[in-house]
Amino acid sequence: MGNISEAYKTIKGTIQSEFEEEKSRFITTISHVESEDEANDFIAKISEKYKDATHNCTAFIINERPVIKRYNDNGEPQGSAGLPMLSVLEKEELTNVCAVVTRYFGGKLLGKGGLVRAYGRGVSETLENNIIYKRPFFVVELIHSYELLGIIENYINEKKFQIIDKEYTDKVKISLYIREEDFEKTKSDLINLTSSKIKITNDKAVMLFSK
């Protein structure tokens, strides 16, 4: 699995776009993946979906140490498809992404330069407005009295923290996600707001998609 200690740029889920160039149809499908096996499974899935296509060219980057980078021209002239696709991923500083550009040949040769531009364009246009971060968050637990609930909820809403769960017993227990980098400041704020009448614990770190 990817490195769980640092934020990185990626995409969420699977995205797709297509365009036509000189009667050739280019369909780009890009997915978030977290291992080389996941990338290969995704490539196999898309290649099967478009098994009647002329080419299914691929590129992926996996957030391991060392980073794993692979590309495949799938029958296009060497360096004309997979490499420019990979170059776009590198330029955007993305990891844990796998791209497949499917081509249905339209009868007119594009030349190596034309192919480089087309395959790079497919990845670039598909990524537009879809890049997101995956960041480490703590699972934080707040335990406090009912009289402090309003103050704490106002703070949580102001900071737009994502609440996981709330429990109401003799005290209130709120579980939420807080970015690792924001935890110490948040802890200090809550202690000051409640005059230290709050218990704050942080559990495991998890990786979540975030702007």
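The structure this text deals with has already been given above.
Residues numbered from 1 in each chain as written. Predicted model: local features only at pLDDT ≥ 70, side-chain atom pairs only at ≥ 80, totals over all residues. Heavy atoms only, no water.

Digging into the sheet that holds strand S3 (residues 24-32)
The sheet built from 5 strands is open, its strands ordered S2-S3-S6-S4-S5 with antiparallel pairing. The open sheet is flanked by strand S2 (14-21) and strand S5 (68-72), the only strands paired with a single partner. The mean angle between the axes of side-by-side strands here comes to 10°, regardless of whether they run parallel or antiparallel. Bridge analysis of S2 against S3 gives 8 bridges, and the strand direction is antiparallel. By the bridge assignment, isoleucine 15 is partnered in S3 with isoleucine 30. (Pairing = 2+ DSSP bridges. Helix = DSSP H or I, 4+ residues; strand = E, 2+ residues; numbered from the N terminus. Axes fitted to C-alpha atoms, helices over the stretch in contact; angles between N-to-C directions.)

Points about the state of the cysteines
Scanning the entire structure with this criterion turns up 0 disulfides. Cysteine 98 supplies the cysteine sulfur nearest to cysteine 57, a cysteine that is in no disulfide, at a spacing of 12 Å. Taking the relative accessible area as the measure of exposure, cysteine 57 reaches 0% and is therefore buried. We classify cysteine 98 as buried; its relative accessible area is 0%. (Disulfide = S-S within 2.5 Å. Buried < 20%, exposed > 50% of the residue type's maximum accessible area, 1.4 Å probe, protein only.)

Description of the packing of helix H4 (residues 149-159) against helix H5 (residues 183-193)
It is at 10 Å that the axes of H4 and H5 come closest, and there the two elements cross at 150°. Taken together, the axes of H4 and H5 are roughly antiparallel relative to one another. Once H4 is placed against H5, the crossing between them reads as right-handed. Contacts between H4 and H5 pair Ile151, Ile152, Tyr155 and Lys159 from the former with Thr186, Asp189, Leu190 and Leu193 from the latter. A class-by-class count of the residues in the contact of H4 with H5 yields 5 nonpolar, 1 polar and 2 charged. (Parallel < 35°, antiparallel > 145°, perpendicular 65-115°, else oblique. Left-handed = near helix turned anticlockwise from the far one by under 90°. Contact = heavy atoms within 4.5 Å. Nonpolar A, V, L, I, M, F, W, Y, C, P; charged D, E, K, R; others polar.)

Notes on helix H3 (residues 111-127)
Between its first and last C-alpha, H3 extends 25 Å over 17 residues, near the 24 Å set by a 1.5 Å rise per residue. Three or more residues of H3 are buried, namely Gly114, Leu115, Ala118, Tyr119, Gly120, Gly122, Val123, Thr126 and Leu127. Positive backbone phi, approximately 65°, marks asparagine 129, located one or two places after H3. (Expected span 1.5 Å × (residues − 1).)

Side note on the environment of valine 100
Structurally, valine 100 is set in strand S6 (residues 97-104). Accessibility expressed as a relative area gives 0% for valine 100, which makes it buried. Sequence separation between valine 100 and leucine 89 is 11 residues, and the spatial gap between their C-alpha atoms is 12 Å. With residues near it in sequence (within four places) discarded, valine 100 still touches Ile27, Thr28, Thr29, Phe42, Ile43, Ile46, Asn56, Cys57, Thr58 and Met85.

Describing unusual backbone geometry
Looking along the chain, the bond that leaves arginine 65 and enters proline 66 is cis, with omega of -5°. Counting through the fold element by element, proline 66 comes out in the loop between strand S4 (55-62) and S5. Positive phi values are uncommon outside glycine, yet lysine 160 reaches one of about 60°. Residue position: lysine 160 is located in the loop between H4 and strand S8 (162-168). Phi is positive for serine 196, which is not a glycine, with a value near 70°. Along the chain, serine 196 falls in the loop between H5 and strand S10 (198-210).

What to know about H5
The complete set of buried residues in H5 reads Phe183, Thr186, Asp189 and Leu190. The arc enclosing the buried residues of H5, seen along the axis, measures out at 125°, which places them on a common side. Structural note: H5 exposes Glu184, Lys185 and Asn192 on the side pointing more than 90 degrees away from its buried face. Serine 195 sits one or two residues past H5 and shows a positive phi near 55°. (Arc of directions from axis to C-beta.)

No statement about biological role is implied by the geometric values presented.
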